[in-house]
Amino acid sequence: MTTERIALVEDDDDLSGTLASALERDGFAVTVYRTGRDGLDGILGDPPDLILLDLNLPDLDGLSVCRELRDTEAVHDLPIIMLTARVDESDRVLGLDLGADDYVTKPFSLRELRSRIRALLRRRALDGGVPEDEYSDARLTVRRGPMDVVVDGDEIRLTTREFELLWYLITTRPRVASREQILERVWGLSSEVETRTVDVHIRALRKKIDQDVVETVIGVGYRFRGFQ
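What to know about the pattern of salt bridges
Item 1. For the structure shown, the criterion picks out 19 salt bridges.
Item 2. Here E215 makes a salt bridge to R223, at a shortest N to O gap of 3.2 Å.
Item 3. Residue class for E215 comes out partly exposed when judged on its relative accessible area of 26%.

A word on the environment of G27
Item 1. Tracing the sequence through the fold places G27 in the loop between α1 (13-25) and β2 (29-33).
Item 2. In this structure, the C-alpha to C-alpha distance between G27 and T3, residues 24 residues apart in sequence, is 6.9 Å.

A short note on the packing of aromatic side chains
Item 1. Under the counting rule described, the total for this entry stands at 2 aromatic pairs.
Item 2. Arranged with centres 5.2 Å apart and planes meeting at 90°, the rings of Y135 and F224 form a pair that is edge-to-face. Remark: F224 occurs in strand β12 (residues 221-224) and Y135 occurs in strand β6 (residues 134-136); sequence separation between them is 89 residues. With respect to burial, Y135 and F224 carry one shared label: buried.
Item 3. Ring plane angle 5° and centroid distance 6.4 Å describe the contact between F163 and W167, whose orientation is recorded as stacked. You can see F163 and its partner W167 sitting in helix α6 (residues 160-172), 4 residues apart, about one turn around the helix.

Considering the sheet that holds strand β11 (residues 214-217)
Item 1. As summarised here, the arrangement of the 3 strands in space is β10-β12-β11, forming an open sheet in which the pairing is antiparallel. At either end of the open sheet lies a strand with only one pairing partner, and these are β10 (177-178) and β11.
Item 2. Sheet analysis places β11 next to β12, joined by 4 bridges and oriented antiparallel. Among the inter-strand pairings, T216 is bridged to a residue of β12, identified as Y222.
Item 3. Against the sheet, helix α8 (residues 196-208) contacts β11 and β12, and its axis sits at roughly 145° relative to β11.

Digging into the packing of α6 against helix α7 (residues 179-187)
Item 1. At a minimum axis separation of 10 Å, α6 and α7 run at an interaxial angle of 120°. The orientation of α6 relative to α7 falls into the category oblique. As α6 packs across α7, the resulting crossing turns out to be right-handed. Contacts between α6 and α7 involve R161, E164, L165, Y168 and L169 from the former and Q181, I182, R185, V186 and W187 from the latter.
Item 2. Residue classes in the contact of α6 with α7 are distributed as 6 nonpolar, 1 polar and 3 charged.

A word on the sheet that holds strand β5 (residues 102-105)
Item 1. The parallel open sheet is built from 5 strands, whose spatial order is β2-β1-β3-β4-β5. Where the open sheet ends on each side, the last strands, each with one partner, are β2 and β5. Along the sheet, successive strands turn relative to each other by an average axial angle of 20°, direction set aside.
Item 2. Here strand β1 (residues 5-9) runs beside strand β3 (residues 50-54); their pairing, made up of 4 bridges, is parallel. Across the sheet, V9 pairs through a bridge with L53, a residue of β3.

Considerations on the pairing of strand β4 (residues 80-84)
Item 1. The buried fraction of β4 is high, at 5 of 5 residues.
Item 2. Here β4 shows two buried faces, one formed by I80, M82 and T84 and the other by I81 and L83.
Item 3. Bridge count for β3 against β4 is 4 bridges, and the pairing is parallel. Looking at β4, one finds that L53 is bridged to M82.
Item 4. Note that the unit made of β3, helix α3 (residues 62-70) and β4 has a crossover that is right-handed.
Item 5. Pairing geometry for β4 and β5, over 4 bridges, is parallel. Following the sheet pairing, L83 is matched in β5 by V104.

What about the nonpolar core?
Item 1. Membership of the largest hydrophobic core comes to 28 residues, with the highest contact counts inside it found for L140, V142, V149, L166, L169, I182 and I209.
Item 2. Elements represented by at least two residues in this core include exactly β7 (140-143), β8 (148-151), α6, α7, α8 and β12.
Item 3. If one sorts the elements of this core by residue count, α6 sits on top with 7 residues.
Item 4. In contact with L169, not counting residues within four places along its chain, are A177, I182, I202, V214, Y222 and F224.
Item 5. Within the second largest apolar cluster, 22 residues are counted, among which are V9, I43, L63 and A100.

About the criteria used
Residues numbered from 1 in each chain as written. Predicted model: local features only at pLDDT ≥ 70, side-chain atom pairs only at ≥ 80, totals over all residues. Heavy atoms only, no water. Salt bridge = Lys/Arg side-chain N within 4 Å of Asp/Glu carboxyl O. Buried < 20%, exposed > 50% of the residue type's maximum accessible area, 1.4 Å probe, protein only. Helix = DSSP H or I, 4+ residues; strand = E, 2+ residues; numbered from the N terminus. Phe/Tyr/Trp six-rings, centres within 6.5 Å; stacked < 30°, edge-to-face > 60°. Pairing = 2+ DSSP bridges. Contact = heavy atoms within 4.5 Å. Axes fitted to C-alpha atoms, helices over the stretch in contact; angles between N-to-C directions. Parallel < 35°, antiparallel > 145°, perpendicular 65-115°, else oblique. Left-handed = near helix turned anticlockwise from the far one by under 90°. Nonpolar A, V, L, I, M, F, W, Y, C, P; charged D, E, K, R; others polar. Right-handed = clockwise from strand over helix to strand, strands pointing away. Core = buried A, V, L, I, M, F, W, Y, C linked by side-chain atoms within 4.5 Å.

Fair warning: the whole summary comes from geometry, so function is off the table for now.
If you want it as structure tokens, here you go:
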């Protein structure tokens, strides 16, 4: 069995040491980078299976690193989890807009981080092994196998997490999916995790595709509408 590799870009020596040790005990191979530039160069030179990326770095900040990775064809689809001490929702939305698949707010539990890492890696592992499924309507085409999303003839680039969220809502239509159900199926997490995570990703998805693609059912959850 191939050991899954994680790139940890974090300048806090105590935190990076703790995380690296914990993840290595879980069977991952962890490479630690302490600056944004070193992380970017290392990831481009030897791409891992997943990236843990601190937002506040001493030279090139995490948002800039994320932007460059998403703009580089060879690594643009690598799963990225941002580690951030910023609690303002606008910072989270900006990170998601730039292509991060998920974020974890410091201080966080190792149990939560492990769950998010495993969920992202599970979904990435499915990409090559699932028969191509497709949804299409008057404006939108979504192909699950290659993770293609086309709106009005234009290709839309989604993060892995955004795509999985969209696909889950497509497969559950016309039913309403609660935030708790979405967390369980898309994130692989229990409802103990902050359900606002779902709201932030829905907002990012609407911004990239269209405000009307997903309907909010107040007090219940979300429902895929599409374009008829």
